[in-house]
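# Fold and contact review
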Amino acid sequence: MEKKGIAVYCASAPDIDKVYFDFARELGALIAKAGLQVVNGGGRAGLMGATIEGAVAAGGEVTGVLPRFMVEKGWDHKDLTRRIITETMHERKLTIAEMSVGAIALPGGVGTLDELFEIITWRQLGLYDGSVVIANIDGFYDHLLAHLQGACDRHFMRGRGLWSVATTPEEALRMALDRQELTILEKY
């Protein structure tokens, strides 16, 4: 059986504040030290690259899952332990989810939000049984969390038990590994 890992969704943008890079590197190192692999989009830049570098520096393994066109453009990180090449972005997201026991979303743009919302949706539908963690670094996700709470308050969605919110790398990893709440999905 394949070794399971922690999915890490995050920005590939290179020009962001150091606080985000520090968090990503530390998270990658903590995942490696826990004996798990980092499973992510395999990109060389931004927080994706920092997470990979943190894990590799700590002696860990990283599986990068990339659509073929991204590899052809040279966007993959040179230090990946393993590359899985997919044909589509959807196949990429599915593969990352299947390889993970939990998912952590660091700050990012529309790609990260797409991954986060899809994994939350899969969790709600019972298609993903891992924990989902939103890493609210330096208040990055404050507005999104307020929006999600508003949607829950107005009964557009249920939220309890679908995700947790962390503010430190240690807390994010602990929550990603916390499987006690997985069967407790509250109804409207």
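What counts as what
- Residues numbered from 1 in each chain as written.
- Predicted model: local features only at pLDDT ≥ 70, side-chain atom pairs only at ≥ 80, totals over all residues.
- Heavy atoms only, no water.
- Helix = DSSP H or I, 4+ residues; strand = E, 2+ residues; numbered from the N terminus.
- Rg over C-alpha atoms; globule rule 2.2 N^0.38 Å.
- Buried < 20%, exposed > 50% of the residue type's maximum accessible area, 1.4 Å probe, protein only.
- Contact = heavy atoms within 4.5 Å.
- Axes fitted to C-alpha atoms, helices over the stretch in contact; angles between N-to-C directions.
- Parallel < 35°, antiparallel > 145°, perpendicular 65-115°, else oblique.
- Left-handed = near helix turned anticlockwise from the far one by under 90°.
- Nonpolar A, V, L, I, M, F, W, Y, C, P; charged D, E, K, R; others polar.
- Core = buried A, V, L, I, M, F, W, Y, C linked by side-chain atoms within 4.5 Å.

## Remarks on the overall build of the protein chain
Scanning the protein chain from terminus to terminus reveals 7 helices and 7 strands. Taken from N to C terminus, the helices and strands of the protein chain fall in the order β-α-β-α-β-α-β-α-β-α-β-α-β-α. Against the compact-globule benchmark of 16 Å for 188 residues, the protein chain has a radius of gyration of 15 Å, which places it among compact chains. With the C-alpha coordinates of the protein chain rotated into their principal frame, the extents come out at 45 × 35 × 30 Å. In the protein chain, which comprises 188 residues, the proportion classed as buried is 53%. Restricting the contact set of the protein chain to residue pairs at least 6 apart, pairs at least 24 apart contribute 70%.

## Quick word on the packing of helix 4 (residues 89-98) against helix 5 (residues 110-124)
Two elements in contact, helix 4 and helix 5, have axes separated by 11 Å at closest approach and are oriented at 60°. Here helix 5 runs oblique to helix 4, going by the angle between their axes. For the crossing formed where helix 4 meets helix 5, the hand is right-handed. Contacts between helix 4 and helix 5 involve His90, Lys93, Leu94 and Ala97 from the first element and Asp114, Glu115, Glu118, Ile119 and Trp122 from the second. Residues belonging to the contact of helix 4 with helix 5 are distributed by class as follows: 4 nonpolar, 1 polar and 4 charged.

## Concerning unusual backbone geometry
Of note, the phi angle at Asp138 is positive, near 55°, even though the residue is not glycine. With respect to the secondary-structure elements, Asp138 resides in the loop between strand 6 (131-135) and helix 6 (142-153). Residue classification places Asp138 among the exposed residues on the basis of a relative accessible area of 63%. Despite not being glycine, His155 shows a phi value in the positive range, around 65°. Residue position: His155 is located in the loop between helix 6 and strand 7 (164-166).

## Topic: the nonpolar core
Membership of the largest hydrophobic core comes to 34 residues, with the highest contact counts inside it found for Ile6, Val8, Leu27, Ile31, Leu47, Ile104 and Leu106. Among the elements that take part in this core, helix 1 (residues 18-33) stands out by supplying 8 residues, more than any other. Sequence-distant contacts of Val8, defined by excluding residues within four places in its chain, comprise Leu27, Ile31, Val38, Val39, Asn40, Thr51, Ile104 and Leu106. Met99, Ala103, Tyr128 and Leu144 belong to the second largest nonpolar core, which has 26 residues in total.

## What about the environment of Ala58?
Along the chain, Ala58 falls in the loop between helix 2 (46-57) and strand 3 (62-67). The sequence separation of Ala58 and Gly5 amounts to 53 residues, and the corresponding C-alpha distance is 15 Å. Other than its neighbours up to four places away in sequence, Ala58 contacts Ala29, Ala32 and Lys33.

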